[in-house]
There are 2 protein chains.
Amino acid sequence: MEIDIERLTGRLQQLAQCGALDGGGVSRIALSEADKQGRDLVVSWMRELGLEVSIDQLGNVIATRAGTVHAQPILIGSHIDTVATGGNYDGNLGVLAGLEVIACLNDAGIETERAIAVGFFTNEEGVRYTPDMMGSMTHQGHLDIQQMLDTIGFDGSHLGQQLEQIGYAGQLECGSQRVHSFLELHIEQGPVLEQQGITIGVVEGVQGISWSQIDISGVSNHAGTTPMHLRRDAGYVAMAIATFVRELALKMGGDQVATVGSIELKPNLINVIANSASISVDLRNTDQQLLHCAEQQLAAYIKKIAASEKVQINCKELVRFAPVDFDPQLLNLVEQTALAQGHSVLRMPSGAGHDAQSFAPNCPTAMIFVPSVAGISHNITEHTETADIEAGANVLLRVVLQLASG
Amino acid sequence: MEIDIERLTGRLQQLAQCGALDGGGVSRIALSEADKQGRDLVVSWMRELGLEVSIDQLGNVIATRAGTVHAQPILIGSHIDTVATGGNYDGNLGVLAGLEVIACLNDAGIETERAIAVGFFTNEEGVRYTPDMMGSMTHQGHLDIQQMLDTIGFDGSHLGQQLEQIGYAGQLECGSQRVHSFLELHIEQGPVLEQQGITIGVVEGVQGISWSQIDISGVSNHAGTTPMHLRRDAGYVAMAIATFVRELALKMGGDQVATVGSIELKPNLINVIANSASISVDLRNTDQQLLHCAEQQLAAYIKKIAASEKVQINCKELVRFAPVDFDPQLLNLVEQTALAQGHSVLRMPSGAGHDAQSFAPNCPTAMIFVPSVAGISHNITEHTETADIEAGANVLLRVVLQLASG
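Residues numbered from 1 in each chain as written. Chains lettered and ligands numbered in written order. Predicted model: local features only at pLDDT ≥ 70, side-chain atom pairs only at ≥ 80, totals over all residues. Heavy atoms only, no water.

When its secondary structure is counted, chain A shows 12 helices and 16 strands. Computed over the C-alpha atoms, the radius of gyration of chain A is 23 Å, within 12% of the 22 Å expected from 2.2 N^0.38 for a compact globule of 406 residues. Each principal axis of the C-alpha distribution contributes one length, and for chain A these read about 80 × 45 × 40 Å. Here chain A holds 406 residues, and the buried ones make up 60% of them. For chain A, the share of sequence-separated contacts (at least 6 apart) that also reach a separation of at least 24 residues comes to 79%. When the 23 basic and 46 acidic side-chain charges of chain A are each reduced to a single mean position, those positions are 9 Å apart. (Helix = DSSP H or I, 4+ residues; strand = E, 2+ residues; numbered from the N terminus. Rg over C-alpha atoms; globule rule 2.2 N^0.38 Å. Buried < 20%, exposed > 50% of the residue type's maximum accessible area, 1.4 Å probe, protein only. Contact = heavy atoms within 4.5 Å. Lys, Arg positive; Asp, Glu negative; His and termini not counted. Charge placed at Lys NZ, Arg CZ, Asp CG, Glu CD.)

Residue and element names in this part refer to chain A. Checked against the element boundaries, His79 lands in the loop between strand S3 (74-78) and helix H3 (92-108). Sequence spacing of His79 and His354 is 275 residues, and the spatial spacing of their C-alpha atoms is 9.1 Å. When neighbours within four sequence positions are excluded, His79 is seen to be in contact with Asp90, Gly91, Asn92, Val95, Phe120, Phe121, Glu124, Glu125, His186 and Asp355. Among the polar contacts made by the side chain of His79, one reaches the side chain of Asp90 at a distance of 3.2 Å. (Polar contact = N/O pair within 3.5 Å; in protein donor to acceptor, adjacent residues only side chain to side chain.)

Right, let's talk about the domain arrangement of chain A for a bit. All names here are of chain A. Once the domains are mapped, chain A shows domain 1 (5-206 + 323-405) and domain 2 (212-321). Between domain 1 and domain 2, the C-alpha centre-to-centre distance is 37 Å. Contacts between the two partners involve 6 residues from domain 1, matched on the other side by 7 residues from domain 2. Across the domain 1 to domain 2 interface the summed buried area is about 530 Å²; carbon plus sulfur atoms make up 62%. (Domains from an automatic or database assignment. Buried area = accessible area lost by both parts, 1.4 Å probe.)

Time to look at the packing of aromatic side chains. Going through the model one piece at a time under the given rule, you end up with 8 aromatic pairs over all chains. Taking 4.1 Å as the distance between ring centres and 5° as the angle between the ring planes, the aromatic pair formed by Phe244 of chain A and Tyr301 of chain A counts as stacked. Taken together, the residues span a long stretch of sequence, with Phe244 of chain A in helix H8 (residues 234-252) and Tyr301 of chain A in helix H9 (residues 288-309) at a distance of 57 residues. Here the two residues Phe244 of chain A and Tyr301 of chain A agree in accessibility, since each one is buried. Aromatic rings pair up to connect Phe121, Phe182 and Phe359 of chain A into one cluster. One cation-aromatic arrangement involves Arg11 of chain B over Trp45 of chain B; the distance from NZ or CZ to the ring centre is 5.3 Å. (Phe/Tyr/Trp six-rings, centres within 6.5 Å; stacked < 30°, edge-to-face > 60°. Lys NZ or Arg CZ within 6 Å of the ring centre and 35° of its normal.)

With that settled, the discussion passes to the relation of the copies chain A and chain B. Expressed as a screw operation, the relation of chain A to chain B combines 0.1 Å of axial shift with a rotation of 180°, fitting to an RMSD of 0.1 Å. Overall, the copies show the geometry of a two-fold rotation axis. Within chain A, the C-alpha atom positioned nearest to the axis of rotation is that of Met239 of chain A, 2.5 Å from it. When the interface residues of chain A are mapped onto chain B, 98% of them again fall at the interface, so both copies present the same face. (Least-squares fit on C-alpha atoms with pLDDT ≥ 70 in both.)

Let us now look at the pairing of strand S10 (residues 263-266) of chain B. Residues in a regular strand point their side chains to alternate faces of the sheet. All names here are of chain B. Burial along S10 is one-sided: the residues Ile263 and Leu265 are buried and none of Glu264 and Lys266 is. In this sheet, strand S12 (residues 276-285) lies alongside S10 in antiparallel orientation, the contact comprising 4 bridges. When the bridges of S12 are listed, Ile263 appears paired with Ile279. (Pairing = 2+ DSSP bridges.)

A separate point is the state of the cysteines. Residues and elements named next belong to chain A. Within this structure, the stated rule accounts for 0 disulfides over all chains. Here Cys315 stays unpaired: no disulfide links it, and the sulfur of Cys293, its closest cysteine neighbor, is 17 Å away. Relative accessible area serves as the criterion here: at 44%, Cys315 is assigned to the partly exposed category. (Disulfide = S-S within 2.5 Å.)

In this section: the environment of Ile102 of chain B. Residues and elements named next belong to chain B. With respect to the helices and strands, the residue Ile102 is situated in helix H3 (residues 92-108). Spatially, the C-alpha atoms of Ile102 and Ala16 are 21 Å apart, while their sequence positions differ by 86 residues. Ignoring sequence-local partners within four residues, the contact set of Ile102 consists of Leu49, Leu51, Arg65, Ile116 and Val118.

Right, let's get into the interface of chain A and chain B. If you look at the interface, chain A gives 52 residues, while chain B gives 51 residues. For the chain A and chain B pair, buried surface summed over both sides reaches about 4400 Å², with 63% attributable to carbon and sulfur atoms. When residues of chain A are sorted by the area they lose upon contact with chain B, Met228, Arg246 and Ile270 of chain A head the list and together hold 18% of the total. Summed over the shared surface of chain A and chain B, the number is 2 salt bridges. Taken together, the connections running from chain A to chain B amount to 12 residue pairs in polar contact (both at pLDDT 80 or more). At the level of secondary structure, the elements contributing two or more residues to the side of chain A that touches chain B comprise helix H7 (192-196), strand S8 (221-222), H8, strand S9 (257-259), strand S10 (263-266), strand S11 (272-273) and strand S12 (276-285) of chain A. Looking at side-chain class alone, the side of chain A that touches chain B contains 26 nonpolar, 19 polar and 7 charged residues. (Salt bridge = Lys/Arg side-chain N within 4 Å of Asp/Glu carboxyl O. Nonpolar A, V, L, I, M, F, W, Y, C, P; charged D, E, K, R; others polar.)

Right, let's talk about the side chain of Ser181 of chain A for a bit. Along the polypeptide, Ser181 of chain A turns up in strand S5 (residues 181-187). Within the local environment of Ser181 of chain A, its side chain forms a polar contact with the side chain of His180 of chain A, the two groups lying 2.9 Å apart.

With that settled, the discussion passes to H3 of chain A. All names here are of chain A. In a regular helix each residue adds 1.5 Å, so 17 residues correspond to 24 Å; H3 covers 24 Å between its end C-alpha atoms and thus fits that length. Taking burial as the measure, the 17 residues of H3 include 14 buried ones, the bulk of the element. Of the residues trailing H3, Gly109 is marked for its positive phi of about 65°. (Expected span 1.5 Å × (residues − 1).)

This is the structure we're talking about:
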C-alpha cells in the first residue's frame, strides 16, 4: 500500500487556490476570508472521506476515523493558515498528508485498532494574533481559552468575533483534549536536508528560543567634530553586540544559532553619531543549559560594553521557549520506517516552532521533515519536490499503520 | 578698543527671531521666507553701519567698508542659513562678529589701509539644495554658477526662481571674486575645547571627508532553521564592517574619525536573516595620505568579508573632499593675538565643512573656534557662553586690525 501522490499534490494545489497571490504563493492569514475558504475545502474533504468532524471553541478542526477498539486516537496534524506571503507547503502538507493516509486506508478497506484523526489548528503562524501556535497550545492545555478568544489582532479585530464570522466558533470545549500520540509531517524550512542530499529528517525536538530587544542610549554628535574617545555611540554599540552574538554562536558550535535580524538607529544619518539604537537578538539551542549559557554570555558582554562605551543599555525579554524533546521511541519508529523504505535519514532539530511541540509534553510526539528547496519558506517561492512529498507521506502512512495496530 | 558684547549678543538674538521655533532654536533654511527675513535684517544693519552692500547672482551678500588704499579687501564671513532645527550661533556668529568689528572701527573713528568686508554666503548647510557651501564655493570659482542656479531642491523648488522670489537674485557676477584674506569665527560644533577648558581654537584646516554607501546582498533565511555555516547574512556583514571601521579609526589614532551613522536592513525582522543591508561610512582625516590609507583598508576588508560570507558588496562614493590647510602665517597671527589677550589656545582641525575652505586655495585663510557647550550643534540646544563669544570676537577684531594696517 502506498499513498497516491497525484491525489495528494492535487489537494495541495487546490488548497493553494484559497488566498492565492498573483505571481504565486498564498496569503491565508488566520481567520481571514481566505482561511475560511481553505477550512471549508479541507472540511469538505474530511466529510468525503467519511470522517467525523469536530470543531472546538477556538476553531481547531479534528476529523476522526473510528478504530475497532475504544481508545484515544492517533492524531496527525498541522495548520493551514499562512504568513502574508506564504507558500503552498508549510502546514498544509501535514494536514493533507494526514487525509491521504485516511484515503489510502479507505481505498484498501483497512480497519485499524486505534482511531486515526487528522486535525488543523487555528493560528499557528501568529501573524494576525499573538501568540503563534495558539490553537494547538490551547488544545493541549498550555493557554487559557477565554484569554485567546479575547485576543485583539494587529488589525484591531477580535479573535472570538472573527471566529464566529467565518463560522468556525465551535461548541466543543478546547483546553485539554488528550490523544494517544501526535505526528506532524512538515517541510524543513531550512537548507540542511537539501545540502546533505537527505530525504527524511527525523526531528528530535524543537530548539529553545530566546528573543530579546536591546535598547541603547548614547549621545548624538557630529561625525566630523567628535573625537573617537569622546563618543557615546549607540549605533556602534548595537553593531558591536550583533557581531559579538555571531561570534558567540560560532564559538559555541553545535546547534547554537544567533541572529540579529533587525536594527533601528536614530537619527540614522550619515554624519550624525546615533544617540539611540535598538536591535533584536534571536538565540536558539536544542539544549536548555547551552541556551542559558548563551544568554548569560550576552548579558555579560552587554554589561561590559555599556561601561566601556558609556551608554545605557536596556534589555527586554520578548519570547522565551524552553527546548522541546520529542519521544525517543516514536523517533526510532520513524527512523526505522524511513530506512526500511530505502530513504536517507538525518536526525536533526527543528529551528522553527511547530504545533507538535504543544503535544510533546502530553503524549508521544514526533515530526518528520522533508527537504525545502534552497531552504526557503515563508515565501512565495517555497517549494518541496514531489518525490520528497511522496517519500514523507509514505513514511507517515507506515508509521501510522504500525501505531494504529500496535 | 574692545567689541561691545551686548550689541553683538543683541544682534544674535534679533537674528534668531527670524525663523524662531517654538521652544527654542531656529529654522532658517536657505532661500526660505525666514532666510529672506534674516537677510533683510542683516542687510539693514550693514547699511546702518555705512557699508556698501553688493549682492551677486547667487545671493551672496558682501558689504564693504572702504580702506585708504586701493587693494583687495579683508573679508570676514560665514552664513546665516540653518538646518531645519538649528541653533542661534552656527554661521550667524561669524557674520555678526564681522559687523561688530566694523561697528567698533566706526565708533572709534578708525580708518584702515585695506578695505574690510563682511559677507554671508548662500546655502552653506545644503539642507534644501545640494551641495553645501554652495555660495562660497561658487564665489571662489569651484562651482559653475549656471549649474547652481538650475539646482532643483529636495522640495522640488528651483534655486534661481527661489532667489528671485526672496529678492536676492543679484546682478553682480559670481564666480571668481578675489579677496586679500578670509577670516571666519565659528562655534566649534564639537566637544574638544570645552573638554580641555580652552577658549580659542586655532583651526589649522578642515578634515578631508570620504563618504560612501555600502550595499550588501545576501540571502534571506529563517533565523531558527539555518545553521550558522550556511548563512549569507547581509545584516551581519553590514554590522561587521561598522565595527571594523570603528577599530580602524582607533588603530590609526591621530585625527582619524570614522562613523557608521545609518543602516537599513531588509526585511528587518527579528527572526529572518537579512538579505539586504546598506550602511553609510563617514571617514575623515586632516591628512590626505592617511585618509586614503583608511579608505584602502576599508576596501580590503570589504573584499575579504564579501568572499568569506559569500555576499555581494557594492560600494558607492557619495562625497570626497580632500583635506584643506589654512594659511600658516595667518594661523600664527591668530594664535599670537589670542595668547596676547590672555586666552588659552588649542591648534585643532575642523571636523565639519565651512565657507572658509572655499577661500583657502585662493587667499590666506584662517578660522577661529570658540567652545560649543557639550559639543552640541545643528540642534536647538546649541549654545556658546557669552564670555567665549566676546573672547572670539575680540581676537577677530585684533587680527583684522593688524591685517588691515599691515
